[in-house]
Amino acid sequence: EVQLVESGGGLVQAGGSLRLSCAITGFTFDDYAIGWFRQVPGKEREGVSCMNSADRSTYYADSVKGRFSISTDNAKNTVYLEMSSLKPEDTAVYHCALLAGTFYHLIPPYDYDYWGLGTQVTVSS
């Protein structure tokens, strides 16, 4: 069974940086869409950054563009989200998600099949 496990969250002061990791096991498909999403209590889930393996296209929410970067290490079956210039409004539980397939467009969150349990990111002011 496919399993995604996030790590790397923590408490950081505004302006600081964090690197989140998503370790993936049990996934044997050639192509995929991988995404990072975040959620805070009382608010809907927000897409942060996504990547399609087919063409390595990436997508970023306007709120994080220029500050966050998604990348993959296929040898380690790991996806990363590097976050810099963090703001208090970045505080959330960050989840990674995975969908098998060959895609050339942005995949909405409800289409993703596999989700991790998340890692907490807290940015203090």
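Since the structure is predicted, the reported quantities are computational estimates derived from the model, not experimental observations.

**Q** Describe the overall build of the protein chain, listing the residues and the values that go with them.
**A** Along the protein chain, the regular secondary structure elements total 0 helices and 11 strands. Listing the helices and strands of the protein chain from first to last along the sequence gives β-β-β-β-β-β-β-β-β-β-β. What you see for the protein chain is a C-alpha radius of gyration of 14 Å, in line with the 14 Å of a compact globule of 125 residues. Of the contacts formed within the protein chain by residues at least 6 apart in sequence, a portion of 59% connects residues at least 24 apart. As presented, the protein chain carries roughly 6600 Å² of accessible surface, and 48% of it is formed by carbon and sulfur atoms. Each charge sign in the protein chain was given a centre, from 9 positive and 14 negative side chains, and these centres are 8 Å apart.

**Q** With reference to specific residues and values, describe the sheet that holds strand 1 (residues 3–7).
**A** Taken in spatial order, the 4 strands of this open sheet run 1-3-8-7, and their pairing is antiparallel. Of all strands in the sheet, those with a lone pairing partner are strand 1 and strand 7 (68–73), marking the two edges. Neighbour-to-neighbour, the strand axes of the sheet open up by a mean angle of 15°, direction not taken into account. In terms of strand pairing, strand 7 meets strand 8 (residues 78–83) through 6 bridges, oriented antiparallel. If you follow Thr72 over to strand 8, its bridge partner there is Val79.

**Q** Outline the state of the cysteines, supporting the account with residue identities and numerical values.
**A** The final tally for this structure, using the stated rule, is 1 disulfide. This cysteine, Cys50, is not joined by any disulfide, and Cys96 carries the nearest cysteine sulfur, 11 Å off.

**Q** Can you explain the nonpolar core? Please cite residues and give values.
**A** Ranked by size, the top nonpolar core spans 27 residues in total, and within it Trp36, Met83 and Tyr94 carry the most contacts. Sorting the residues of this core by element identifies strand 3 (18–25), strand 4 (32–39), strand 5 (46–52), strand 7, strand 8, strand 9 (92–100) and strand 11 (119–124) as the ones contributing at least two each.

Cut-offs applied
Residues numbered from 1 in each chain as written. Predicted model: local features only at pLDDT ≥ 70, side-chain atom pairs only at ≥ 80, totals over all residues. Heavy atoms only, no water. Helix = DSSP H or I, 4+ residues; strand = E, 2+ residues; numbered from the N terminus. Rg over C-alpha atoms; globule rule 2.2 N^0.38 Å. Contact = heavy atoms within 4.5 Å. Areas by Shrake-Rupley, 256 points an atom, 1.4 Å probe, with all protein chains shown as cover. Lys, Arg positive; Asp, Glu negative; His and termini not counted. Charge placed at Lys NZ, Arg CZ, Asp CG, Glu CD. Pairing = 2+ DSSP bridges. Axes fitted to C-alpha atoms, helices over the stretch in contact; angles between N-to-C directions. Disulfide = S-S within 2.5 Å. Core = buried A, V, L, I, M, F, W, Y, C linked by side-chain atoms within 4.5 Å. Buried < 20%, exposed > 50% of the residue type's maximum accessible area, 1.4 Å probe, protein only.

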